[in-house]
Amino acid sequence: MSKLQDQMFLEIRNKRPFELAQQYAFDYLEHIFDRNVYPTDEALNKLSIFDEELPVASANAKDVIEQLHTYGSQATTATLGGRYFGFVTGSALPIGIAAKNLATYWDQAPAMHVLSPIGSKLEAVVEKWLIDLFGLPENTAAGFVSGTSAANLCGLAAARYRILKRNDWDVNEKGLRNAPEIRIVTGKQAHSTVIKAVGILGLGKEDIEWAAVDDQGRIVAESIPELDENTILILQAGNVNSGAFDNFEVICEKAQKANAWIHIDGAFGLWAKAVSELNYLPKGMEKASSWAVDGHKTLNTPYDCGIVMCSDPEAMTAALHMSGSYIVESPERDGMFYTPEMSRRARVMELWAIMKYLGKNGIDEMILNMHHRAKQFAKEIGALKGFHVENDIVFNQVLVRCDSDALTQQVLHNIQKLRTCWLGGSVWFGKKVMRVSICSWATTESDITISIESFKKAMEIALADTTKISK
């Protein structure tokens, strides 16, 4: 054995790098709920220590881990905590972190059953759980990908395959040159990842037929053009700004009659189906052909965890699978048939652990709490002078603006600098808004009240600065 091999075997036997990493991880978790939500300027400046040439000699494992902890931990965004409202970024449940940590040591790649029997088994189990939880057709297949960006791509790839196959065109063999036309219909508030997927698949972003939306970003059913069996209709469960849901019950019935393919982008909103008080929101979603959803958003699995589901498994596997003389197929589940990647981590481990830990009642309770905290936020911010809530609070999203775009931007900037909570901005029907996304299991009533105080202070600072300038 080489000297380097001896060194690495020693590190496994003495466990010191692992114990040190665990010690630092526990320290991080102990303080994450009390620290500033966004890194301080000092912590950000210290990241320059990583600007170095690749070392020539091997380093000491202890020194590597210590550098990561000393300079990396302080420069993280506290998305695990209860006051991070930027983007729709969930926290991570303790059981999920623990399961992911264990699975990291296993280092499984569940492309084939023979590669990871445990990965294959848990994917098959979770697939059945998801079908049950979402009330989907029994023959639905699930693929476990990195996120909804990939899930949307997979769902639309399956749609592309099926529609062209109906026209006696095998896209895998013939490609898209001279292929029959595929129509894309979606709402004007479709998420950018949907548009990106359309472009990647060569379906032509400029050819999208746009349906009108109402003041909450929902597709107006009457504005949808006549559909046919060569159409992919893309709907939304949870508008990324307002949280609103398209009317699946009405729209899907119309699309089914035309034999169109229906894809639902449900990155965070699809989970409303699992909440007894909110399951009216995605009513009719089971009528779709494919669905995209994240675990790492509303369900609070650790990153990364996306899921694509399809009621046409043949189209899904035909669009995504690979082959080779060295492939060992199994009568059990071979996960590579349901995702674009062969090499991928077994992210199903923490997804299974969280669903097992919470059960249906726990999932219901956790997600409903997010909705209640959003309602609380809207109520408390609406009571403050100078703030206006712009959307109906149907799920977990709150849109807030001030009396002018300039003031909205300044208040947002001040909130971000205060670091008590963190959120981003957006544009809602031509107006600048602050977008509050509540999707952490850890968000409490007091977190909301503390955050509202930060909004109030940010407004006071903005108004004081305005007064100074005018003088």
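Please refer to the structure placed before this passage.
Before going into details, it helps to say that this report is about the structure given with it. Computed from a predicted model, the values in this text were never measured in an experiment.

**Things to note about the sheet that holds strand S6 (residues 290-294)**
Hydrogen bonds between backbone groups are what pair the strands of a sheet, and the pairing can be parallel or antiparallel. Taken in spatial order, the seven strands make up an open sheet running S1-S7-S6-S5-S4-S2-S3, and their pairing is mixed. Of all strands in the sheet, those bounded by a partner on one side alone are strand S1 (141-145) and strand S3 (209-211). Looking at each pair of strands side by side, their axes are set apart by 20° on average, direction ignored. Relative to the sheet, helix H10 (residues 248-257) contacts strand S4 (231-236) and strand S5 (261-265), its axis offset from that of S4 by approximately 175°. Across the sheet, helix H11 (residues 313-320) lies against S1, S5 and strand S7 (306-310), angled at about 35° from S1, the strand it touches most.

**Looking at the sheet that holds strand S8 (residues 388-389)**
Pairing is antiparallel across the open sheet formed by four strands, whose spatial order is S8-S9-S11-S10. Lying at the two open borders of the sheet, with one neighbouring strand each, are S8 and strand S10 (424-428). Strand direction decides the pairing type here: S8 and strand S9 (residues 397-401), joined by two bridges, are antiparallel. Bridge pairing links histidine 388 to arginine 401 in S9. Strands S8, S9 and strand S11 (431-437) of the sheet are contacted by helix H12 (residues 348-382), whose axis makes an angle of about 15° with S9. Against the sheet, helix H13 (residues 405-418) touches S9, S10 and S11, its axis set at about 30° to S11.

**Here's the deal with a nonpolar patch on the surface**
A surface patch of nonpolar side chains, amounting to about 580 Å² of accessible area, comprises Ile12, Phe18, Leu102, Tyr105, Trp106 and Ile118. With three residues, helix H5 (residues 94-106) is the single largest residue contributor to the nonpolar patch. Tracing the sequence through the fold places isoleucine 118 in helix H6 (residues 117-134).

**Considerations on the environment of proline 302**
If you trace the backbone, proline 302 turns up in the loop between S6 and S7. Considering only alpha carbons, one finds proline 302 and valine 64, 238 residues apart in sequence, at a separation of 23 Å. Beyond its immediate chain neighbours, meaning those up to four positions away, proline 302 contacts Ala92, Gly96, Ile97, Lys100, His296, Arg345, Glu350 and Ile354.

Rules of the game
- Residues numbered from 1 in each chain as written.
- Predicted model: local features only at pLDDT ≥ 70, side-chain atom pairs only at ≥ 80, totals over all residues.
- Heavy atoms only, no water.
- Pairing = 2+ DSSP bridges.
- Helix = DSSP H or I, 4+ residues; strand = E, 2+ residues; numbered from the N terminus.
- Axes fitted to C-alpha atoms, helices over the stretch in contact; angles between N-to-C directions.
- Contact = heavy atoms within 4.5 Å.
- Patch = residues over 30% accessible without salt bridge, like charges linked within 9 Å, V, L, I, M, F, W, Y side chains within 5 Å.
- Areas by Shrake-Rupley, 256 points an atom, 1.4 Å probe, with all protein chains shown as cover.
- Salt bridge = Lys/Arg side-chain N within 4 Å of Asp/Glu carboxyl O.

Read these as geometric descriptors, not functional statements.
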